[in-house]
Every structure is written in C-alpha cells, then in structure tokens.
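# Geometric and topological summary
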Amino acid sequence: MANYRYSSSRYSSKRNKRKRKSGNGFLSLIMMFFVMCFAGLTAFYIYLVTLPPITNFDVIKPNQVTSIYSSDGEIIKTFAPFKFKKVEIENVPQDLKNAIIATEDKNFYKHSGFDILGLIRSTLVNIKAGEVKQGASTITQQLARILFLSNERTFDRKIKELIIASRIEKTITKEEILEMYLNAVYLGSGAYGVQSASETYFDKNLDELSLAEMALIAGLPQAPSVYTPLKNPDLAVKRRNQVLKRMYKTGRITKEQFEKAKQEKLNLSKKASIYSYNKAPYLVDYVLTELEYLGFTENEISQGGLKIYTTVEYEAQNKAQEAVADLLAGAGLTQDKTQGALFSFSPMTGRIYAYVGGKNYGKTQYDRVTNAIRPPGSSFKPFVYATAVQQGLRHNDLIEDTPLEVGKWAPKNYGGKYREKIPAWLALAISSNVCAVRTIQKTGINSVISLVRDLGITTPLQNDMTIALGSNGVKLYDMVVAYGAFANGGYRVRPYAVERVENSRGVVIYENQGPKIAKVLAYETASEMTYMLKKVIEKGTGRAANIGREAAGKTGTTDDYRDAWFIGYTPEIVTGVWIGNDDNSKLGGHITGGSIPARIWAAYMRVATKNSKIEKFDYPMLNEEDKNANVDVDEKYKAAPEKNEKEDKKSEKQQEKQQRHLRDEEQKEEETNVLQQPFKVQSQKAPEIKKLAPIPVVPAPQEETVSVPIPPLPSTN
C-alpha cells in the first residue's frame, strides 16, 4: 500500500512537470509572436521613414468621380463637386481647423503621416475580426486615399495608404496637407471642401460661420450623407455636439464656448438648390441606401470612381416626376405641404422602374415611398377579398350591399347609396364599404392580417373590422409590393435598384443575382383578384386609369379626403400613387383616388408600358368569354339611398322569404350568397404554380467579384 502511494505521488509529480513545460512552451510561443509582430512593425516603420518624397506632386489630381446610370445609359447622378471653391489655409478660421483636427486626427501635428498607436490598436481589432472593422486613418492617409487610391476596405489598400501618406509628409508641409484636405474632402450634398460646404449649408463665407456651424461641418467627413443637415437635421446637430465636446475635452475651446455653441439652433440656407443637378434625387437616395446595405461605404461611393448601373428607365422616371408635379399643380395643389409619391417596379424580376418620394426634393428630402405611413382607404379592400377568395369566394358570388351595423359602428357607403345584392366583382369595383365589412366578418380579421403580412405589409394593424376600409397606416412601398402578387401568379418579389457596380478599372465588383421571391398566394386567387381589379378600371371607381390596354387596380380615399391612392398593374409593371398633405390635413376639393392619383398613374404608365411585350395577363379565366363584359351596372344594379326608417317585422319576414327563394335560384346557377353560408372550401389539390418570366442572364465577372449575400425573404407559413 505504501509503495502504491509512493508510486502515485511520483507519477503526479512528473505529470505536473510536463504541464509546466507545456504551459511554458505556450507562453514562449505567444512571446515569440509578439516579438515577431513588433519586429515587423519596426521594420515597416523604418521602411516608411526612409521613403522618398513624391515627384510632380503639384500635378496630381483626385480620383475620377463616381457616376450612377439609368438602365438606358442616362447619367442620373455624378459625385463630381457640384460646388468646389479652393480656399487658402490662412483664410480658414482657426476654430474650423481645430474642429477638423479634434474630430479626424488629434495628433495631426505630431505624427509622420500615420498614428502608430492607433494603427496597432486597429490592427489587433481587425485581426481578431478577420476583416477591416476599425480604421485609424489620419488626415494625411485620408488625403492619400482621395488623391491616389480607391476606397476598398482591404489590408492591401491600407498598406498602400500608409506608404503614400508617409511620402506625402516628406513632400509638403503639414499646413499644405491640411489645406489640400480641407479643399478635397467630401462633405455631403454635392459639396467638396469646407468653403463649398459653408455656402451650401449656411450661405456664408468661412469667416462668417459661428463656432457651432464650423463644428457641424467638421462632423461631416465620417458619414456625409448620414449627417448632412439637409436630410437629417437632428442627427447633424447630435454629431455637431459630439465635435464640440471633443474640442472642449482637448482644450481647444472653453466650457462657456462649448455650452453656448451646443445650444445654438440650426439655421440652414433657404436656397440650397444643389439637387437640381440630380436628375432623380429620391431614387438616388434609395440607391445609396441599397448600396450601403450591400456593403459599400460612402467614401467608396462618392470618391471611388465607380460606375453604378441601376434598373430605372430614365424616360419613365422623368415622366413619373413630371406627372406628380404637373398634375398636382394643375389641380391647384401648390402648397409645399401637399405632396405626391409614386413607386413602380416589375412584379416578375423586382427591377425598380421609377421612384418619386415627393414633388420637390429641393424643398423637402422626406421620402414618402418608404417612410410615410398613411391610411390606404379602399385600396386595402383587395386584401380582404383575396382572403375570402382563398377561402372559396368567387367573383360572381353575391354580397348584400345594404346598411349594416357592427355593434356601435355603422359603416356607410360613399354617397349613402346601396344596391341590394351585388356580385363580389362589382362590390370591389364600386368600392362598397358595407360589402367589404360583411366579407371580413366571414373571413375573420386574423386571416386578413395574416395574408397581408405574407404579401409584405410591415406596419402595425389593429385587430378590428375597420381595417377592411383601410383605417391603419401603411407604406406606399409595401402596398405596391403586395399588389405585385396579384399580377404575377401569387409571388411576393423583393424590389431592387442596383443592377451592377463596376470599379474605376471597369471590373464588375457587384451584380444582382436575380429576383428574391416567396410564394404567398394560390394562382387561382391571383387570377380571381386580377379579374375583379380589372373591373375597377373598366366599370368602377378607377376609370380615369384606363390606358387603352389590359390593366387592373384599385382606388383609395380616406375620411375627410386626407389621402388619395391608386395602385394598379399590367402584366409587367405594378405602380402605386399616393397624394396627401404632410401634416395630415384635408386635401380640399373632395379629391378621391379615382381622380388625380388615377390620372398620375395613367400618365406614367402610358410611357412605362409603351415597350411592354406582354399585353394580356397570363390567367386563362381572363381570356375566356366574360359574361359581365356588357353588364350595365347602373341599370342592372340600381343604386338607392339608405332608408331613414327601419323595416318593420313584417317587411323583414318578407325579405327573408325573398332571400331564401333567391338563394335557391342562385344555387341552381352555382352561385353562393356569402351572407347565408360559409365560403366554399377550396380543393386540397395543390395550386398550380406558374413560372415567372425568364430573368435576363448577365455574364459573370471574370475577376475581383465581390459576392454580397442578400438575406432571404421571411418565410410564409
């Protein structure tokens, strides 16, 4: 037993020695790694220090500018300096120089082109991340990038940047470097350099700027489009205050100056007309947002010499902008608060054709396509009927168009007129409110909400029957995407604007890989809805949208005429139009969705569809003989005003008897009265899946391809 204990102790002692040796070996490896890194950095530092100056530096010019193109070759935006005025360093206020240095490079006067401590810190962060996550660019490095390099976020470019920055420091003085930087840096809204930024944002010379205004300009280089006060005044002020705080912390201003400047109100120039040089400003904003989503930085976009090819067709885009502005003006809706928006894309491929976020970008940059949330009125009703069709309703099934009470709520038809018993297609065509409410009573509210979520509506929806009449706010973008599923056989398609991107050498570094889709409706449902929505234009409230070719759509008008909508589609293009006042006040003049919005839609669609190859919807039922084609709605389904007195019991019994008799007759004709029995149960047979139109094949790039993954659409259960 004693021998065993002795042997065990000796074994344990040997094992501990091996562990210590192993631990010492690991520590030695770590120390060796750091020694090698230090030696490498030291050697690289010595190399940078010994680099020669740059010859002929005075003739060096910045990189070529980035351009954004339409699909038909029109340049719709360039990032050349719209405003550029050179300023001598002695004419730059000291507070502005201090603000730039405090924000961008606090050790500017101490380093030799690069900040070694900042470089080590960012290198460790980037090694850990496996990619370039953190930068440590000095003002000199930024100037090197502007003058000589692309804006690719790669280790290779960073090394080149360090080398060039070191050579710049040996070629010109610190004051000359700062002067070149202050004249070349992009400061958003088309302004390059501090003097042009001063004029663009404040309509002042540099020596007229307040400390707060200088701090605002100094905060722009990090993300010009994000912090530009013309688009994001609140963010601009927040960023300005961060700059002021840095100036105070580094001793460049006093506490009193800091507190006073921080309280100064933003007072921007009233004549910032820089966007007249941008042919499709709202679209360009959307393109820039999409590029950022795809992984491109703002410096890469504004200074990288890129060629960005979009899906937009310039002639159609131009007509869309013109139609919104001209038709609003023609109706006397000239106030700045009265706005219109239009969004158009292909329900087959997702290509965006036109994008108008407002009638005058120079006066307001607020994008009403993706940001404004407004009630859609009756343009929401197709989702209620689509839910009913999924549950068995068909376009000729009858619905009671008579006064209705739901608890304390009594929805009314427009003009107080009712037509007794009418087919579903007519209920939608004339936009009967009571028929829509009766339909949602049958389908259930939750079923409608579930369907619209699948179709792409993202805004909150209340769980009550008023949603049948479009009581909850939605986005124009979402509505157009949702209607696209009616046009293409039941698919939700993700819109996109960026087709491909080429770098300054002409190499394709990004290209769209085709539509991102999800099946959300049965083919038969899309077919029935298209039939019904065609009738809206042929015989209903959307007659002003008739463009002389097959089209379907729906009007929408909210209470007190605050919002007016028209959303419609042909086999290849779906387009939505909204008009209203930004402050949600009444438009005036009893403007409905069937008036100005429908006319805007028609004016644009006549241009957008002129080269369309598909003239008819690919739905067999629409190509069969239409028994309702020659129906005189006003004759067969006469409208009568609501009765003032309630029917007595005798009349009610007689009406019930008549309804039973009519139901018997309707069943013989294989029609269903949705008031008296549930919708027909759909067959369990899987719906027929129609193939989308073929996607144009784009040759794969041969080199330097950047694969940018796009997250899949949300699953639809």
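For the structure itself, look to the data block above.
Before going into details, it helps to say that this report is about the structure given with it. Source: prediction; values computed, not measured.

For the protein chain, the count of helices and strands is 24 helices and 18 strands. Relative to its full complement of 717 residues, the protein chain shows a buried share of 51%. Considering only contacts within the protein chain whose residues lie at least 6 apart along the sequence, 74% involve residues at least 24 apart. Accessible surface for the protein chain amounts to roughly 35,000 Å². Of this, 52% is attributable to carbon and sulfur atoms.

Most of strand E6 (residues 338-345) is tucked away: eight of the eight residues are buried. By the alternation rule, side chains of E6 split into Thr338, Gly340, Leu342 and Ser344 and Gln339, Ala341, Phe343 and Phe345, which are all buried. When E6 meets strand E17 (residues 574-581), the two strands line up antiparallel, connected through eight bridges. By the bridge assignment, Gly340 is partnered in E17 with Ile579. Both E6 and strand E7 (residues 352-356) contribute to a ladder of four bridges, which runs antiparallel. Bridge pairing in E7 places Phe343 opposite Tyr355. The antiparallel hairpin formed by E6 and E7 contains six residues in its connecting segment, where Gly350 sits at a positive phi of about 90 degrees.

For an α-helix, 3.6 residues make a turn, and residues three or four places apart therefore share a direction. With nine of nine residues buried, helix H7 (residues 194-202) is to be regarded as a mostly interior element. Taken together, the buried positions of H7 are occupied by Val194, Gln195, Ser196, Ala197, Ser198, Glu199, Thr200, Tyr201 and Phe202. At the exit of H7 stands Asp203, carrying a positive phi of roughly 55 degrees.

What follows concerns the sheet that holds strand E1 (residues 67-69). In spatial order, the strands read E2-E1-E5-E12-E13; together these five strands make up an open sheet with mixed pairing. The two strands at the open ends of the sheet, each matched to only one other strand, are strand E2 (75-78) and strand E13 (508-511). Ignoring which end each strand starts from, the neighbouring axes of this sheet average 15 degrees apart. Across three bridges, strand E12 (residues 498-502) lies against E13 in antiparallel orientation. Bridge pairing in E13 links Val501 to Tyr510. Those strands touched by helix H12 (residues 281-293) are E1, E2, strand E5 (307-310) and E12, and its axis lies near 70 degrees from that of E12.

What the rule picks out here adds up to 20 salt bridges. Measuring nitrogen to oxygen at the nearest pair gives 3.4 Å for the salt bridge that ties Arg500 to Glu502. A relative accessible area of 26% places Arg500 in the partly exposed class. Judged by its relative accessible area of 13%, Glu502 is buried. The salt bridge involving Arg562 is made with Asp560; its shortest N-O contact spans 3.5 Å. The class for Arg562 is partly exposed, based on a relative accessible area of 25%. A cluster of three or more residues bridged by salt bridges with shared partners is formed by Lys534, Lys535, Glu538, Glu550 and Asp626.

The rules we used
Residues numbered from 1 in each chain as written. Predicted model: local features only at pLDDT ≥ 70, side-chain atom pairs only at ≥ 80, totals over all residues. Heavy atoms only, no water. Helix = DSSP H or I, 4+ residues; strand = E, 2+ residues; numbered from the N terminus. Buried < 20%, exposed > 50% of the residue type's maximum accessible area, 1.4 Å probe, protein only. Contact = heavy atoms within 4.5 Å. Areas by Shrake-Rupley, 256 points an atom, 1.4 Å probe, with all protein chains shown as cover. Pairing = 2+ DSSP bridges. Axes fitted to C-alpha atoms, helices over the stretch in contact; angles between N-to-C directions. Salt bridge = Lys/Arg side-chain N within 4 Å of Asp/Glu carboxyl O.

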